[in-house]
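Structural overview
Here's the letter readout for the chains.
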Amino acid sequence: MQEFIGLAYFARYPAVIFDIQRGGPSDRHADAHAAVGHRDLRLRLHGDTKHVLLLPADPHECFEFAGLSFDLADRLQTPIFVMLDLDIGMNEWLSAPFAVGRLARLDRGKVMGFDDLEAGRAFGRYLDVDDDGIAYRTYPGTHPTRGAFFTRGSSKDADAPLHRGGSAYVENMQRLQKKFRTARNLLPAPVLGRTHKSARFGVIYYGSTAPAMEEALERSRTTARCSTSCACAPSPSTTTVAAFIARYDKVFVVEQNRDGQMRMLLVNECNVDPTSSFPFSLRRHAHHRRFIIREIAAGWPALTSDPFRKVIA
Amino acid sequence: MTFITKPTFHHLKLAPNSLGYTRRDYEGAVSTLCAGCGHDSISAAIIQACFELEIPPHRIAKLSGIGCSSKTPNYFLGSSHGFNSVHGRMPSVLTGANLANRDLIYLGVSGDGDSASIGLGQFAHCIRRSVNMTYIVENNGVYGLTKGQFSPPPTAAPRASAASSTSTSRSIWSACRCSWAPASSPAASPATRTSSCR
């Protein structure tokens, strides 16, 4: 499976994979809520790869991102991962209605047809004619004499034939890198929450943590008045997220895994100071509001002045 | 000579088939396999077969796994789309392509190591599913691309090996009504096979 994904990445084949994240191997207990795969999927699959991840927060975003993922896969010619978790998949949610209409038209991306080939347009399967790292492709059987290619993983030149030279490999990798810079403009932007003027710490959250996090943020705004929020919807490596992290004294990364995988990605890809962000503690079940406030309070004592439950005399 | 582009000129009286294609229209790039490799003979046979069957080259999709055998689709049917996929996983890639476009003719090219070891699961299941394809096993008896380690299937073609092979391997190969193309000489010893591959 991993080798296939790496091959699709290098050979520029579109694919969509829905990753229902959970903690650990199957032990007949489907209640270990977790968001655990993005570090490995982003960086560590087969080969020198990097992948696009979409991180929906609720069933409505799952629906939206499902439609978007197929468009992105064709447009970017690469595997797209929609990262769900058990909390979204197995529980009942209230969400906005699904808008089916916008999914009716598929974006197939850059495809060269018979007329283009017949007109003599230059075709090379990995030829970057638009300087965006994305090359045109053809469907099999399009033209009797033009547009066919026999392709493979990484050892190839811009026209697809086998090429084991170092320069061809480097150029191939640079085209992939350029494509991922292009991808940043096509992905949904992070959602920035309301910010208080005196806010000194920020919170980054994503996935099924969203409802509990919004409740916790509302609570902290009315009490400590010193927080802000940033819902990290798509893949993390955006300038918006980097600027958000740079703005505050501390940034808490609320996530559901042991090692702070999203935080690792943010530190690596946004080039931020590792001491400026904090991962969350591990829990077996999905986060809830009290747990989030308690965790933040442990790293930000100002919050502890407000008791979680007020004693009624 | 493998670094040059294959010349396209041919004899003026080279006979075309009823579609107007000559045999040369079914050729691919210059082979980079070892001189004398039996795989090139199989490529030549595929070219001749497609020419005689009068199949438009661009209506064929050629898919392969990994290995010397799986490099060969580069050397025939140059006007066909193709994909050099994952070791032993050609059947699933071909099955997916077949589901997406049922109008093409699918040619799967694999080797003895690619089909009978790492890819045995996929090999067996594509037969069980009756995928509409031609599956060619180019059997040279070794892993040629990795310098000649012995491959798992019987040391010769199924009929010849039936007496000496285990019942399991007999049943596997006898169950496969696929093309079986021995790429090595039946008389060749394992040592000579090894030395003929790199």
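Being a predicted model, the structure only gives us computed values, none of them experimental.

1. Digging into the overall build of chain B
When helices and strands are counted, chain B shows eight helices and seven strands. Sorting the 198 residues of chain B into buried and exposed places 47% on the buried side. A separation of at least 24 residues holds for 70% of the contacts in chain B among residues at least 6 apart in sequence. By element, 59% of the accessible surface of chain B is carried by carbon and sulfur atoms, the whole surface being about 9,800 Å².

2. Side note on the overall build of chain A
Counting its secondary structure elements, chain A contains 10 helices and nine strands. Sequence-distant contacts, at least 24 apart, represent 76% of the contacts inside chain A between residues at least 6 apart.

3. Some points on the packing of aromatic side chains
Per the stated rule, a full pass over the model turns up nine aromatic pairs over all chains. Taken together, a centroid distance of 5.0 Å and an interplanar angle of 85° make the contact between Tyr9(A) and Phe10(A) edge-to-face. Overall, Tyr9(A) belongs to the buried group, its relative accessible area being 4%. Residue Phe10(A) is classed as buried on the basis of its relative accessible area of 9%. Each member of the aromatic cluster is reached from another via a ring pair, and the members are Tyr9(A), Phe10(A) and Phe180(A). When the ring centre of Tyr126(A) is taken as origin, the NZ or CZ atom of Lys156(A), which lies over that ring, is 4.7 Å away. Its guanidinium or amino end placed over the ring of Phe76(B), Lys62(B) lies 5.8 Å from that ring's centre, counting from NZ or CZ.

4. Looking at helix H9 (residues 261-269) of chain A
All names here are of chain A. The element H9 is largely enclosed, with a buried count of seven among its nine residues. Restricting attention to buried positions, one finds in H9 the residues Gln 261, Met 262, Arg 263, Leu 265, Leu 266, Val 267 and Glu 269. Of the residues one or two after H9, Asn 271 is the one with positive phi, at around 55°.

5. Focus on the side chain of Asp85(A)
Following the sequence through the fold, Asp85(A) ends up in strand E3 (residues 79-85). A distance of 3.0 Å separates the side chain of Asp85(A) from the backbone nitrogen of Asp87(A), its partner in a polar contact.

6. Notes on the interface of chain B and chain A
When the parts of a complex come together, some accessible area is lost, and that lost area is often taken as the interface size. Contact with chain B, which involves 24 residues of that partner, is made by 19 residues of chain A. Taking both partners together, chain B and chain A bury about 1,700 Å²; carbon and sulfur atoms supply 66% of that area. Sorting the residues of chain B by area buried against chain A places His81(B), Phe83(B) and Val86(B) first, and these three jointly supply 37% of that buried surface. Scanning the region where chain B abuts chain A turns up zero salt bridges. Contributions of two or more residues to the side of chain B that touches chain A are made by strand E1 (60-64), helix H2 (68-71), strand E2 (81-84) and helix H3 (90-100) of chain B. Top contributing element to the side of chain B that touches chain A by residue count: E2(B), with four residues. In terms of residue class, the side of chain B that touches chain A is made up of six nonpolar, 14 polar and four charged. In this structure, strand E4 (residues 150-151) of chain A lies alongside E2(B), joined through two bridges in parallel fashion.

7. What about the environment of Ala246(A)?
Mapped onto the elements of the fold, Ala246(A) is located in helix H8 (residues 239-247). Spatially, the C-alpha atoms of Ala246(A) and Gly67(A) are 33 Å apart, while their sequence positions differ by 179 residues.

8. A closer look at the pairing of E2(B)
All names here are of chain B. With burial as the criterion, each face of E2 is covered, one bearing His 81 and Phe 83 and the other bearing Gly 82 and Asn 84. Alignment of E1 against E2, held across four bridges, turns out to be parallel. Residue pairing across strands places Lys 62 opposite Gly 82, the latter belonging to E2.

9. Some thoughts on the pattern of salt bridges
For the structure shown, the criterion picks out 11 salt bridges over all chains. Note that Asp74(A) and Arg137(A) form a salt bridge whose closest N and O atoms lie 2.9 Å from each other. Of the two residues, Asp74(A) sits in helix H3 (residues 59-76) while Arg137(A) sits in the loop between helix H5 (114-118) and E4, which places them 63 residues apart along the sequence. As a salt-bridge pair, Glu27(B) and Arg24(B) come within 3.0 Å of each other at their nearest N and O atoms. Each of Lys6(B), Arg23(B), Arg24(B) and Glu27(B) takes part in one network of salt bridges that share partners.

10. Focus: the sheet that holds E3(A)
All names here are of chain A. The sheet built from three strands is open, its strands ordered E1-E3-E2 with parallel pairing. Whereas interior strands pair on both sides, the edge strands pair on one side only; in this sheet they are strand E1 (15-21) and strand E2 (52-54). This sheet shows a mean twist of 25° between the axes of neighbouring strands, independent of strand direction.

11. Observations concerning the nonpolar core
One finds Phe81(A), Ile204(A), Val241(A), Ile245(A), Val251(A), Met262(A) and Leu266(A) to be the most contacted residues of the largest nonpolar core, which totals 21 residues. Elements that contribute at least two residues to this core include exactly E3, H8, strand E8 (250-254) and H9 of chain A.

12. Points about the confidence of the model for chain B
Residues and elements named next belong to chain B. Residues of chain B with pLDDT of at least 70 account for 75%, and the chain-wide mean is 81. When pLDDT is averaged over each helix and strand of chain B, the minimum, 34, is found for helix H8 (residues 190-195) and the maximum, 97, for E1. Confidence over residues 160-166 falls short of pLDDT 50; this stretch has five contacts with residues more than four positions distant or in other chains. Throughout residues 185-198 the model reports pLDDT below 50, and contacts reaching past four residues in sequence, or to other chains, amount to 22 contacts.

13. A look at a nonpolar patch on the surface
Residues and elements named next belong to chain A. Together, Phe 18, Ile 20, Phe 70 and Leu 106 give the surface a local cluster of nonpolar side chains, amounting to about 390 Å² of exposed area. Along the chain, Phe 18 falls in strand E1. With a relative accessible area of 37%, Phe 18 lands in the partly exposed category.

14. Considering the pairing of strand E3 (residues 105-111) of chain B
Residue and element names in this part refer to chain B. For E3, the buried fraction is high: six of the seven residues fall into the buried class. Relative to E3, E1 runs parallel, the two sharing five bridges. Counted as the bridge partner of Ser 64 is Val 109 from E3. Of the pairings in the sheet, the one linking E3 to strand E4 (residues 134-139) comprises five bridges and is parallel in character. Bridge pairing links Gly 111 to Glu 138 in E4.

Rules and cut-offs
Throughout, residues of each chain are indexed from 1 in the direction in which the sequence is written. By the order in which they are written, chains take letters starting at A while ligands take numbers starting at 1. Per-residue local features are limited, in this predicted model, to residues with pLDDT of at least 70; the limit for side-chain atom pairs, both in listing and counting, is 80 or more; totals at the level of whole chains, interfaces and linings are taken over all residues. Side-chain measures were taken over the full set of non-hydrogen atoms in the model, leaving aside hydrogen atoms and water. Only DSSP runs of H or I reaching four residues or more are called helices, and only runs of E reaching two or more are called strands; each is numbered from the N terminus. Here the term buried applies to any residue with accessible area under 20% of the maximum for its type, exposed to any over 50%, and partly exposed to those in between, with areas from a 1.4 Å probe on protein chains only. Contacts are residue-level and defined by heavy atoms, with any inter-residue pair within 4.5 Å sufficient. Note on areas: Shrake-Rupley, 1.4 Å probe, and residue coverage restricted to the protein chains presented here. Only rings of Phe, Tyr and Trp enter the pairing, Trp through its six-membered ring, and a pair is recorded when the two centres are within 6.5 Å. The plane angle decides the type: under 30 degrees is stacked, over 60 is edge-to-face, the rest tilted. Two thresholds decide whether a charge sits over a ring: the Lys NZ or Arg CZ must be within 6 Å of the ring centre and within 35 degrees of the ring normal. A 3.5 Å cut-off defines polar contacts: any pair of N or O atoms within that distance qualifies, except that in protein one atom must be a possible hydrogen donor and the other a possible acceptor, and neighbouring residues in sequence count only when both atoms are side-chain atoms. When two components associate, each loses some accessible surface as probed by a 1.4 Å sphere; the sum of these losses over both components is called the buried area. Note on definitions: salt bridges are taken to be side-chain nitrogens of Lys or Arg within 4 Å of carboxyl oxygens of Asp or Glu. Residue type decides the class: Asp, Glu, Lys and Arg count as charged, Ala, Val, Leu, Ile, Met, Phe, Trp, Tyr, Cys and Pro as nonpolar, and the leftover types, Gly among them, as polar. Only when DSSP finds a minimum of two bridges between them are two strands counted as paired. Angles here are taken between N-to-C directions and fall from 0 to 180 degrees, while the axes themselves are lines fitted to C-alpha atoms, restricted in helices to the stretch in contact. Only buried Ala, Val, Leu, Ile, Met, Phe, Trp, Tyr and Cys residues count toward a nonpolar core, and they belong to the same one when joined by side-chain atoms within 4.5 Å. Confidence scores per residue from the predictor, reported as pLDDT, run from 0 to 100. Residues with no salt bridge and a relative accessible area higher than 30% make up the patches, which join like charges within 9 Å and nonpolar side chains (Val, Leu, Ile, Met, Phe, Trp, Tyr) within 5 Å.

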